[in-house]
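What follows is the residue order along each chain.
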Amino acid sequence: MYSLTFSVLFVGFLLLTLLVRFWLSSRHIRHVLAHRSAVPAEFAEKIPLAAHQKAADYTVARTKFGILTLLVNSAVLVGFTLLGGLQLLSSLLLQWLDGPGMVYQLCLIGAFAVISGLIDLPFDYYRQFVLEARFGFNKMTRGLFFADALKTGLIGAAIGLPLLWVTLTLMDKAGKLWWFYAWLVWSGFQLLMLVLYPTVIAPLFNKFTPLDDDSLRARIEGLMSRVGFASKGLFVMDGSKRSAHGNAYFSGFGAAKRIVFFDTLLARLAPHEIEAVLAHELGHFKLKHIAKRIAVMFAISLAFLALLGYLKDQAWFYTGLGVNPLLFGSNDAMALILFMLALPIFTFLLSPLSSLSSRKHEFEADAFAAQYTNAQDLVSALVKLYEDNASTLTPDPLHSAFYDSHPPASLRIGKLHATH
Ligand SMILES: [Zn+2]
């Protein structure tokens, strides 16, 4: 009985999520098209009409493609759950393997990950070689694309399988509070990744060379000492080997913290604009946004793991999602997969909350940059970045509130002008 209720709830939330996402996408497309014919007044002197229209077309193309992937992903989700895909996969593995032990569990998750990855691959391919290419953003060769996919899979297996083994062992042997121990392990792992990602994993995909432009270096070091930020790591990343999109980011913590500029960004911005963009990134660090984000992530993952600790012992959680739990043998791997599949459906409507807090941080980092550098430099850098990335200047406000981690350009620039 509970299982039917849960199935109905799952389908209800899935339909609600789909409906809201369709509605937001169609609003967004209509809003962008309605503003396609003229550059917004505050940007009229800075951005040519052709660039504005390219941004509109790029936004509409991406949003339409988003609707297609949303439909396919929802069909795959229902196929895995209510239509019995996971049940079938589990039965096949049980026939091939001798019993539902650890090997069965790792194979179940592995097979699920491989199938999901293979379904995603043609969409990623289309995005890169058709959509991005049509607007001149793709710089990737097909060889690099498939090498990346293979490398990502191998690294995922090398890191994921041991972590899964530890998690499944805790679920099996650590008693009622397994989820708490699992949380300690995952949190430790996340912190480890903050150090390992920039130093070990990212270099497997890109080349990082120390910034060797002396006058730019001196300018940046001046800014860092004004702000009170110590880091020896200033790197340039060869982002141009994959995409024309530009970016700068800041990663790691403690001795491993480093600042990374995409070569595409350095090629496009003047030194004083680079300084302003960097001041914004340093603002995120100095205002403790990164530490806050990590703390929130840890708190949320503790709550979700506690929920999983409860759900994994409820038969309706499995049957409600189209799986008959094994009577003899462990259902832990299946519980992990079902939880990962179902959770986003039930939490989607909360996504504006995370966008809201992220946008607040963006405004604070902009204000920080305006305090330590020239606000006009950040404005001109943002305008160039918007133009180069073909980001729309006229997003639908509701769509933006739901999805965008950054406030719309007009609001950011409006605030920066106000601080001047
Ligand atoms: Zn930011």
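Just so it is clear, the structure is predicted and the values come from calculations on it, not from any experiment.

**As for the overall build of the chain**
Alright, step 1. Within the chain, the secondary structure is distributed over 16 helices and 4 strands.
Alright, step 2. Referenced to the eigenvectors of the C-alpha coordinate spread, the extents of the chain come out at roughly 70 × 50 × 40 Å.
Alright, step 3. For the chain, buried positions account for 43% of its 420 residues.
Alright, step 4. For the chain, the proportion of contacts with a sequence separation of at least 24, taken over those separated by at least 6, is 76%.

**Considering the packing of aromatic side chains**
Alright, step 1. Enumeration according to the criterion identifies 25 aromatic pairs in this entry.
Alright, step 2. Here the aromatic rings of Phe145 and Phe146 are separated by 5.1 Å at their centres, their planes lie at 85°, and the arrangement is edge-to-face.
Alright, step 3. In this structure Phe146 comes out as partly exposed when scored by relative accessible area, which is 42%.
Alright, step 4. Each ring, one from Trp183 and one from Phe298, has its centre 6.5 Å from the other, and the planes form 85°; the classification is edge-to-face. One end of the pair, Trp183, is in helix α6 (residues 178–205); the other, Phe298, is in helix α10 (residues 289–311), and 115 residues separate them in sequence. Pair check on accessibility: Trp183 and Phe298 agree, each one buried.
Alright, step 5. An aromatic cluster is built from Phe6, Phe10, Phe13, Trp316, Phe317, Tyr318 and Phe346, whose rings are joined through pairwise contacts.
Alright, step 6. Here the basic side chain of Arg258 rests over the ring of Phe235, its NZ or CZ set 4.2 Å away from the ring centre.

**Notes on the pattern of salt bridges**
Any two side chains of opposite charge can pair, given that their charged atoms come close.
Alright, step 1. Tallied over the full model, the rule gives 15 salt bridges.
Alright, step 2. One salt bridge connects Arg226 with Glu275, and the closest N-O pair in it is separated by 3.0 Å. Of the two residues, Arg226 is situated in helix α7 (residues 214–227) and Glu275 in helix α9 (residues 271–286); the sequence distance between them amounts to 49 residues.

**Side note on the sheet that holds strand β2 (residues 233–237)**
Sheets are built from strands paired through backbone hydrogen bonds, the pairs being either parallel or antiparallel.
Alright, step 1. Spatial ordering of the open sheet is given by β1-β2-β4-β3, a layout of 4 strands whose pairing is mixed. Whereas interior strands pair on both sides, the edge strands pair on one side only; in this sheet they are β1 (208–210) and β3 (248–251). The mean inter-strand angle of the sheet, taken between neighbouring strand axes irrespective of direction, is 30°.
Alright, step 2. Pairing analysis gives 4 bridges linking β3 to strand β4 (residues 258–262), with the strands arranged antiparallel. Each bridged residue has a counterpart across the sheet, and for Phe250 the counterpart in β4 is Ile259.

**So, unusual backbone geometry**
Alright, step 1. With a phi angle near 60°, Lys288 is a residue other than glycine that sits in the positive phi range.
Alright, step 2. Mapped onto the fold, Lys288 is located in the loop between α9 and α10.
Alright, step 3. Positive phi outside glycine occurs at Ala390, with the angle close to 50°.
Alright, step 4. Relative to the helices and strands, Ala390 resides in the loop between α14 (375–389) and α15 (397–403).

Reading the values: rules and limits
- Residues numbered from 1 in each chain as written.
- Predicted model: local features only at pLDDT ≥ 70, side-chain atom pairs only at ≥ 80, totals over all residues.
- Heavy atoms only, no water.
- Helix = DSSP H or I, 4+ residues; strand = E, 2+ residues; numbered from the N terminus.
- Buried < 20%, exposed > 50% of the residue type's maximum accessible area, 1.4 Å probe, protein only.
- Contact = heavy atoms within 4.5 Å.
- Phe/Tyr/Trp six-rings, centres within 6.5 Å; stacked < 30°, edge-to-face > 60°.
- Lys NZ or Arg CZ within 6 Å of the ring centre and 35° of its normal.
- Salt bridge = Lys/Arg side-chain N within 4 Å of Asp/Glu carboxyl O.
- Pairing = 2+ DSSP bridges.
- Axes fitted to C-alpha atoms, helices over the stretch in contact; angles between N-to-C directions.

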